[in-house]
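Breakdown of the fold
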Amino acid sequence: MKKITSLICCFLVVGIIPQIVNAGDPTNPEITDSKNDVLLFGQFSLPIANRMLKHIDILSAWFSEKSDEPNFLYVTLQLQDVKKIRLMGIYAVDWYYEGIEYAIMTIFEHGKETTVVQIQGTENITLEDSCLIDEEKNTMTWAIPKEAIGDVTAGDTLDSTLAIAGLRFCSNRLANLMKERFGCNAIGIDISEEGKGYIILY
Ligand SMILES: [Ca+2]
Ligand SMILES: [Ca+2]
């Protein structure tokens, strides 16, 4: 009888979990965003800007995990087109865990690529080879060691999820000038609406 009860419990748990986590799935992403909504200098919506800046146009982002790699959290950002992603782009997905802000971020700069976990907007943990770009699917996927993001474990919730993409100027001087003029030091920027939370599986 005990065995049967355990089995029933297992079925119940397996049946319930996917509804609660609603995660790890491009068809049900935590973050969604409009197409062609890049803002030039953080202010202007122009069709030509959207045609030229498809590589910073966020479409969606989602969180996922793999049972055989339980020490990693995967975060995928889907853009309209990743072909020009290695220009002066900056791409980030941001969330809160226990009131602390975490962001996974890749910065492309003068042919160099840097990926960091940023905590509370200041402390940076550099990750090596953790960003995979898929040119077929127009996605970038980060593999993040859980020890870098507060040692999250099963049942923990990541909330206030958000994605940001921007294209910066090559010159800091020009960036500073534009910041003074328009209040934005980027050529173009796209920010998502706040997304759904994600519950850690493993
Ligand atoms: Ca967008
Ligand atoms: Ca947007």
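Everything discussed here concerns the structure shown above.
Described below are features of the structure shown in this document. Just so you know, these numbers come straight off a predicted model, no measurement behind them. (Residues numbered from 1 in each chain as written. Chains lettered and ligands numbered in written order. Predicted model: local features only at pLDDT ≥ 70, side-chain atom pairs only at ≥ 80, totals over all residues.)

1. Description of the overall build of the protein
For the record, the criterion: Only runs of H or I of at least four residues qualify as helices and only runs of E of at least two qualify as strands under DSSP, and these elements are numbered from the N terminus. Whether a residue is buried, exposed or partly exposed is read from the other C-beta atoms within 10 Å of its own C-beta, which are placed from the backbone; 20 or more gives buried, 12 or fewer gives exposed, and intermediate counts give partly exposed. Residues are treated as contacting if the C-beta atoms built from their backbones sit within 7 Å of each other.
Helix and strand counts for the protein come out as 3 helices and 13 strands. In the protein, which comprises 202 residues, the share counted as buried stands at 32%. Sequence separation of 24 or more characterises 63% of the internal contacts of the protein that already satisfy a separation of 6 or more.

2. Quick notes on unusual backbone geometry
Among all residues except glycine, the phi angle is most often negative; among peptide bonds, the trans geometry is most common. Of note in this structure, E98 is not a glycine but carries a positive phi near 50°. Of note, E98 is situated in the loop between β5 (89-97) and β6 (100-109). Note on E98: 10 C-beta atoms within 10 Å, which makes it exposed. A positive phi angle is found at Q120, which is not glycine, with a value near 55°. Inspection of the secondary structure assignment puts Q120 in the loop between β7 (112-119) and β8 (123-127).

3. What about the nonpolar core?
Selection rule: By definition, a nonpolar core groups buried Ala, Val, Leu, Ile, Met, Phe, Trp, Tyr and Cys residues that are joined through C-beta atoms within 7 Å.
Among the nonpolar cores identified, the biggest contains 43 residues, and A61, V75, L77, V93, I104 and A163 are the most heavily contacted of them. Listed by contribution, the elements that provide at least two residues to this core are β2 (39-40), β3 (58-66), β4 (69-79), β5, β6, β10 (139-145), β11 (157-168) and β12 (186-191). Every residue in contact with V93, bar those within four places of it in the chain, is listed here: A61, V75, L77, A103, I104, T161 and A163.

4. As for the environment of H55
Tracing the chain through its elements places H55 in the loop between α2 (47-52) and β3. For H55, a count of 22 C-beta atoms within 10 Å translates into the label buried. Between the C-alpha atom of H55 and that of I85, which follows or precedes it by 30 residues, the distance is 5.6 Å.

5. Here we look at the sheet that holds β4
Here is the rule we go by: Strand pairing is defined by DSSP finding a minimum of two bridges between the two strands.
The 5 strands are arranged β1-β3-β4-β10-β9 in an open sheet whose pairing can be described as antiparallel. Strands at the two margins of the open sheet, each flanked by one partner only, are β1 (31-32) and β9 (131-134). Strand direction decides the pairing type here: β3 and β4, joined by 7 bridges, are antiparallel. Each bridged residue has a counterpart across the sheet, and for S60 the counterpart in β4 is Q78.

6. Focus on the pairing of β10
Burial along β10 is one-sided: the residues M140, W142 and I144 are buried and none of T139, T141, A143 and P145 is. Two elements, β4 and β10, share 7 bridges in a ladder whose sense is antiparallel. Within the sheet, the bridge partner assigned to L77 lies in β10 and is M140. With 4 bridges connecting them, β9 and β10 associate as antiparallel partners.

7. A closer look at the environment of T27
In this structure, T27 sits in the loop between α1 (2-21) and β1. With 6 C-beta atoms counted inside 10 Å, the residue T27 sits in the exposed group.

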